[in-house]
Amino acid sequence: MVKFKNMSYSSLIRWRIRLLYLLLTFMLVYMVVVSELGGGDSRVMNNLAQNFSRLVFFGGMAYVISRIVHNKKLLQNRLLLKEQMLTEQDERNLYLHDKSGGIVLDILMACVLFITLTASLFHMVVFYACLGILILAIILKAAAYYYYSHI
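Residues numbered from 1 in each chain as written. Predicted model: local features only at pLDDT ≥ 70, side-chain atom pairs only at ≥ 80, totals over all residues. Heavy atoms only, no water.

**Student:** Quick question: what am I supposed to make of the overall build of the chain here?
**Tutor:** Helix and strand content of the chain: six helices and zero strands. Along the chain, helices and strands appear, N-terminal first, in the series α-α-α-α-α-α. Counting only C-alpha atoms and orienting by the principal axes, one finds that the chain spans roughly 50 × 40 × 30 Å. Residue burial in the chain is summarised as follows: out of 151 residues, 28% are buried. Here the chain displays about 10500 Å² of accessible surface, and carbon together with sulfur accounts for 68% of that area. Taking the average place of the 15 positive charges on the side chains of the chain and the average place of its 8 negative ones, the gap between the two points comes to 6 Å. (Helix = DSSP H or I, 4+ residues; strand = E, 2+ residues; numbered from the N terminus. Buried < 20%, exposed > 50% of the residue type's maximum accessible area, 1.4 Å probe, protein only. Areas by Shrake-Rupley, 256 points an atom, 1.4 Å probe, with all protein chains shown as cover. Lys, Arg positive; Asp, Glu negative; His and termini not counted. Charge placed at Lys NZ, Arg CZ, Asp CG, Glu CD.)

Here it is, written out as structure tokens:
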């Protein structure tokens with residue numbers, strides 16, 4: 001098991017890049033599996049589900065690629081790397097993230113996003129239920145972040 005606490009920041013960035021490549025590979029495999037299972041049928045999906053699935057999947061893919069490029073750029077420029085490290089280790093930012101749900105809520109929202117994406121490709125009733133839960137989680141996180149940033 002890799003212990004991230006004892007690593008240098010540049011090593012941590014290298015690990016992030018590896019995990020992002022793994023996520024990108026998972027996204028491509030997911031796309032193939034969904035198409036093989038018959039998901040994304042336009043006769044089953046409505047416009048909201050089609051737009052949501054395209055936005056989340058292809059927008060997510062673009063985001064992952066942009067984070068890979070950004071992290072590689074950080075490794076090439078020590079000044080940017082140090083600036084990013086100071087921003088991430090800022091106590092106020094850490095406090096706001098923890099008080100607004102922290103890593104647990106972030107993981108929960110990513111899982112609900114994945115479930116909502118899958119539901120949008122197969123079943124509309126489940127999609128609407130998952131979308132409501134996802135919107136509620138986003139509103140709660142944003143409200144907590146706003147509240148704690150103003151006290």
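The rest of the description comes next.
**Student:** What is the right way to look at the environment of Leu24 in this model?
**Tutor:** Here Leu24 lies in helix 1 (residues 9–36). On the basis of relative accessibility, which here comes to 16%, the residue Leu24 falls in the buried class. Between the C-alpha atom of Leu24 and that of Ala143, which follows or precedes it by 119 residues, the distance is 31 Å. Ignoring sequence-local partners within four residues, the contact set of Leu24 consists of Met61, Val64 and Ile65. (Contact = heavy atoms within 4.5 Å.)

**Student:** Would you mind going over the packing of helix 1 against helix 5 (residues 102–122) with me for this structure?
**Tutor:** When two helices pack together, their arrangement is captured by the angle between the axes and the distance separating the axes. Between helix 1 and helix 5, whose axes approach to 12 Å, the crossing angle comes to 25°. In terms of orientation, helix 1 lies roughly parallel with respect to helix 5. You can see that helix 1 and helix 5 cross each other, and the crossing is right-handed. Every residue of helix 5 that contacts helix 1 at Phe26, Tyr30 and Val34 is listed here: Phe114, Leu117, Thr118, Leu121 and Phe122. (Axes fitted to C-alpha atoms, helices over the stretch in contact; angles between N-to-C directions. Parallel < 35°, antiparallel > 145°, perpendicular 65-115°, else oblique. Left-handed = near helix turned anticlockwise from the far one by under 90°.)

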